[in-house]
Amino acid sequence: MEETKLDKNDVFKDKISENYVVKKFTMSAVKEGSIIEYSYTIKSEFLFNLQPWEFQGAYPKLWSEYKVQIPQIFDYITLSGGYLPYHIVDNKTKSAIYLLRERRTISLFGPGTTSASADKSEAFTYESQDKIVRWVVKDAPALKVENFTTSINNHISKIEFQQSAVNLPGQDSKSIMRSWEALSKDMLEDENFGVNLYSDNKWLDKNWLNNNTTTTLSDARNIFHYVQQNIKSKGQAGLYRSQSLKETFQNKNGYVADINLLLTMLLKRQGFTVNPVILSTRSHGFTTNMYPLINQYNYVVCKLTLNDKVYYLDASSPSRSFDYLPTKCYNSGGRSIYPDYPSTEPLYPDSITEIKVTNVLLMLDEKTGSNWSGTLQSSFGNSESEHIRESIAENGLTAFQKKITQSYPPDIKADETKFTNLDSNENKLSIKYNLKIENNGSDVIYFSPLLKEGLTENYFKSPERFYPVEMPFKTNETYMLKLFIPEGYVVDEMPKSERINLDEGQGMFEYLIRKNDDNIDIRVILKLNKATFMPEDYETLRMFFDVIVKKEAEQIVFKKK
């Protein structure tokens, strides 16, 4: 074994901000097969921010250990993450003596005289029974980002801390952790969030869309569409407003929080029952709903309650439907910011289903009798409808049509694309276009019945997975094909019908094929009845998609008579 110590010249210091300094170091002697061993100390005056520890990362770790000694005067809540078991968890107590300094304001003059005061500092010793906790994880595998992952930080095995109370000698325990009620009240009074949200905002009187006081669903839609079409989004930014509601309205632009808080105010002013909902997007990570940790949230939407029905609104995109949130908002639930009780909101991937239906009809070309011509029509769910509308708005209709044409091989031509509900966000988008397939009179014709709609490779390539599969929604897809048999040909081979179920009703794949006198009918259905699959379900899910890929790759073979 060769041991190489770190040289002082290999350590660099970066001052990121006034309170945050980063030290970097290089290891020039590291090569493949090296064992890297290092230790460091972090010094901080911010007791609220007790440093977390990650036992797992992008590289395998043989031994990862974290030991913390907490004086008796501080209480912290421990938040564990990940799925690896601890090799060691050791709890001890240890006596320690601390020098505490108390600052008091004292009066310098007695009653009836000119008053003055000064700060006086007194020091005293305090004997504490410190809590010492040691965590060890052994043989932690590397954790890499794979398909259908919200945020890898959700699944890394780690320890995090949140200060909850301070217990000073001779004083009552002082709670640091606020309740959701207190946090909600503070946010509604915060000038960058809730100020003026529920006030009259009379500056609107001369500019507003209308001044009636009806509260029908149609009125709510009109207000939503006004904000959606007139206030341009500058991006996501964060949880708090970047400007006043008046500035957002008059400037005609703002970030997501600016737009959706303006929408909340306008609906409230009309007389609707509304409130903001804060949440964490999928890439930002999960939230701990039990505790009001505001840094875990990064997105704001509007909740409308009308006739005992709840509508979630996000007006930050002109391509979005009323009562539809982008899939990134369905993560670990949301939190309503009410003046009284801030309730949880069920914004989870399992609460939405994306439905897609595709119909293909391929008739025989009258001139050749062997070539096919026909149509393909697809109806999309909310998520794909929004994605297509945004793509067309950004790149143009011609670019999208070209993308469809290029998705087919040279012997298949797609043209004359027509859209239904392209400009109507409240209805599902559908596309219809013509198809022409040339067979050139070959003795043998190989035909892939799912065209470009089939799954060509398995999403899940890794042999094992250490964290859940997190799909953005439940899935319900149907593909139907009617294919006429070319004149002068017979069906030599064709796939067999097959149906497989995913464990205990979690999903289903069905491939039904039937040959008639002059045509073939195919119906393919894929259903996933849940969006999140735990690591123990991974192998079954992977095998399920293996079957789908193989089945959808099977061809129909026609031979000349």
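Starting afresh in each chain, residues are numbered from 1 along the sequence in its written order. Two thresholds apply to this predicted model, a pLDDT of at least 70 for residue-level local features and 80 or more for giving and counting side-chain atom pairs, whereas whole-chain, interface and lining totals are computed over all residues. Side-chain figures throughout are based on the complete set of non-hydrogen atoms in the structure, without hydrogens or water.

**Q** Report on the sheet that holds strand β23 (residues 474-484), specifying residues and quantitative values.
**A** Between any two strands, pairing holds if DSSP finds at least two bridges. Helix and strand labels come from DSSP, where a helix needs a run of H or I of at least four residues and a strand needs a run of E of at least two; each type is numbered from the N terminus. Strands sit in the order β19-β20-β18-β17-β23-β27-β26-β25 across an open sheet of eight strands; the sheet is mixed. Each having just a single partner strand, β19 (412-420) and β25 (498-502) make up the two edges of the open sheet. Neighbour-to-neighbour, the strand axes of this sheet turn through a mean angle of 10°, independent of strand direction. Where strand β26 (residues 507-515) and strand β27 (residues 519-528) come together, nine bridges link them in antiparallel fashion. Bridging across to β27, F509 finds its partner in L526. Across the sheet, helix α6 (residues 397-406) lies against β19 and β20 (430-437), angled at about 140° from β19, the strand it touches most. Helix axes are fitted to C-alpha atoms over the stretch in contact, other axes to C-alpha atoms as well, and angles between N-to-C directions run from 0 to 180 degrees. Any pair of residues with heavy atoms lying within 4.5 Å of one another is described as a contacting pair.

**Q** Hey, could you go over the pattern of salt bridges for me, with residue numbers and the actual values?
**A** In the sections that follow, a salt bridge refers to a side-chain nitrogen of Lys or Arg positioned within 4 Å of a carboxyl oxygen of Asp or Glu. Scanning all chains against the criterion turns up 20 salt bridges. In this structure, the salt-bridge partner of D521 is K482, at a minimum N-O distance of 2.9 Å. Of this pair, D521 sits in strand β27 while K482 sits in strand β23; the two residues are 39 residues apart in sequence, bridging distant segments of the chain. Relative accessibility under 20% of the residue-type maximum defines a buried residue, over 50% an exposed one, and the middle range a partly exposed one, all with a 1.4 Å probe and only protein chains included. In this structure K482 comes out as partly exposed when scored by relative accessible area, which is 30%. Where R523 meets E510, a salt bridge forms, and the shortest distance between an N and an O atom there is 3.1 Å. On the criterion of sequence distance, the pair formed by R523 in strand β27 and E510 in strand β26 is long-range, its members being 13 residues apart. If you follow the salt bridges from partner to partner, you end up with D314, R320 and E386 in one network.

**Q** Outline the pairing of β23, listing residues and values.
**A** Examined bridge by bridge, strand β17 (residues 353-364) and β23 share ten bridges and lie parallel to one another. Looking across to β23, one finds that I355 is bridged to N476. Sheet topology note: the β23/β27 ladder contains ten bridges and is antiparallel. Bridge pairing links T475 to L528 in β27.

**Q** Could you give an account of the packing of aromatic side chains, naming the residues involved and the relevant values?
**A** Any Phe, Tyr or Trp ring, taking Trp's six-membered ring, that has another such ring centre within 6.5 Å forms a pair; planes under 30 degrees apart are called stacked, those over 60 apart edge-to-face, and the others tilted. This structure, assessed with the given rule, holds 22 aromatic pairs. Taken together through their ring pairs, the aromatic side chains of F148, Y459, F460, Y538, F544 and F545 make up a single cluster. A ring is scored as having a charge over it whenever the NZ atom of a lysine or the CZ atom of an arginine sits within 6 Å of its centre and within 35 degrees of its normal. The ring centre of Y511 lies 5.3 Å from the NZ or CZ of K551, which sits over that ring.

**Q** Help me get a handle on a positive patch on the surface, residues and values and all.
**A** Here a patch means residues that are over 30% exposed by relative accessible area and free of salt bridges, tied together within 9 Å if like-charged and within 5 Å if nonpolar (Val, Leu, Ile, Met, Phe, Trp, Tyr). Using a 1.4 Å probe, the Shrake-Rupley method yields the accessible areas, and only the shown protein chains count as cover for residues. His is not counted here, nor are the chain ends, while Lys and Arg score as positive and Asp and Glu score as negative. Every charge is mapped to an atom, namely NZ of Lys, CZ of Arg, CG of Asp or CD of Glu. Where like charges cluster on the molecular surface, the positive patch consists of K13, K15, K23 and K43. Secondary-structure assignment places K15 in strand β1 (residues 11-17). The class of K15 is exposed, set by a relative accessible area of 63%.

**Q** I'd like to hear about the side chain of R320, residue by residue, with values.
**A** You can see R320 is positioned in the loop between β14 (309-313) and β15 (334-336). For R320, a relative accessible area of 5% gives the class buried. Apart from the residues within four sequence positions on either side, R320 is in contact with F224, Q228, D314, P326, E386, E390 and N425.

**Q** How would you sum up the nonpolar core? Please name residues and give values.
**A** Definition used in this section: a nonpolar core is a set of buried Ala, Val, Leu, Ile, Met, Phe, Trp, Tyr and Cys residues joined via side-chain atoms within 4.5 Å. Ranked by internal contacts, the top residues of the largest apolar core, which has 51 residues, are L435, F447, L451 and F558. No other element matches the six residues that helix α7 (residues 538-553) contributes to this core. By size, the runner-up hydrophobic cluster in this structure holds 37 residues, among which are F249, L262, V300 and C302.

**Q** Could you give an account of the environment of I513, with specific residues and numbers?
**A** For I513, the position within the fold is in strand β26. Separated by 245 residues in the primary sequence, I513 and K268 place their C-alpha atoms 55 Å from one another. The contact partners of I513, leaving out residues within four places of it in the chain, are M494, P495, K496, S497, I520, D521, I522 and I556.

**Q** Describe the pairing of strand β8 (residues 158-166), naming the residues involved and giving the relevant values.
**A** Burial of β8 is extensive: eight of the nine residues sit out of reach of the surface. Pairing geometry for strand β3 (residues 53-54) and β8, over two bridges, is antiparallel. Within β8, the position partnered with E54 by the bridge is K158.

**Q** Which residues make up the layout of surface pockets, and what values go with them?
**A** Only protein atoms enter the calculation, which uses a 1 Å grid: trapped sets of points that fit a 1.4 Å probe without letting it out are cavities, open sets showing protein on both sides within 12 Å along at least five of seven lines are pockets, and any residue with an atom within 4 Å of a point is a lining residue. Grid points are joined across faces, edges and corners, and a volume is the space filled by probe spheres set on the points. What the second largest pocket holds in volume is close to 1100 Å³. Surrounding the second largest pocket, 38 residues form its lining, K356, E384, E453, Y459 and E477 being those nearest its centre. Those elements that provide at least two residues to the lining of the second largest pocket are β17, β18 (372-379), α5 (382-395), α6, β20, β23, β27 and α7. Tallied by class, the residues present in the lining of the second largest pocket amount to 22 nonpolar, eight polar and eight charged. Three classes are used: nonpolar for Ala, Val, Leu, Ile, Met, Phe, Trp, Tyr, Cys and Pro, charged for Asp, Glu, Lys and Arg, and polar for all others, with Gly counted as polar.

**Q** An account of α5 is requested, with residue identities and associated values reported.
**A** The terminal C-alpha atoms of α5, which comprises 14 residues, lie 20 Å apart, in line with the 20 Å expected from a rise of 1.5 Å per residue. Those residues of α5 that sit buried are S383, S385, E386, I388, R389, S391 and I392. Among the structural elements, β17, α6, β19 and β20 are those in contact with the buried residues of α5. Positive backbone phi, approximately 95°, marks G396, located one or two places after α5. Helix span, as expected, comes to 1.5 Å for every residue beyond the first.

**Q** Outline helix α2 (residues 217-230), listing residues and values.
**A** The first and last C-alpha atoms of α2 sit 20 Å apart over 14 residues, in line with the 20 Å expected at 1.5 Å per residue. Listed as buried for α2 are D219, A220, I223, F224, Y226, V227 and Q228. Those residues of α2 that are buried lie in contact with α3 (245-251), α4 (256-270), β13 (299-306) and β14.

**Q** Which residues make up the side chain of Q270, and what are the values?
**A** By the element assignment, Q270 lies in helix α4. Throughout this description, a polar contact denotes any pair of N or O atoms lying within 3.5 Å of each other; where both atoms belong to protein, one of them has to be capable of donating a hydrogen while the other can accept it, and for residues adjacent in sequence the pair is counted only when both atoms sit in side chains. From its side chain, Q270 meets the backbone oxygen of T214 in a polar contact 3.3 Å long.

**Q** Tell me what's going on with the sheet that holds strand β29 (residues 556-560), and back it up with residues and numbers.
**A** Strand order in the open sheet formed by three strands is β21-β29-β24, with antiparallel pairing between adjacent strands. Sheet topology places β21 (444-447) and β24 (489-493) at the edges, where each strand pairs with a single neighbour. Direction aside, the axes of adjacent strands within the sheet are offset by 30° on average. Note: β21 against β29, four bridges, orientation antiparallel.

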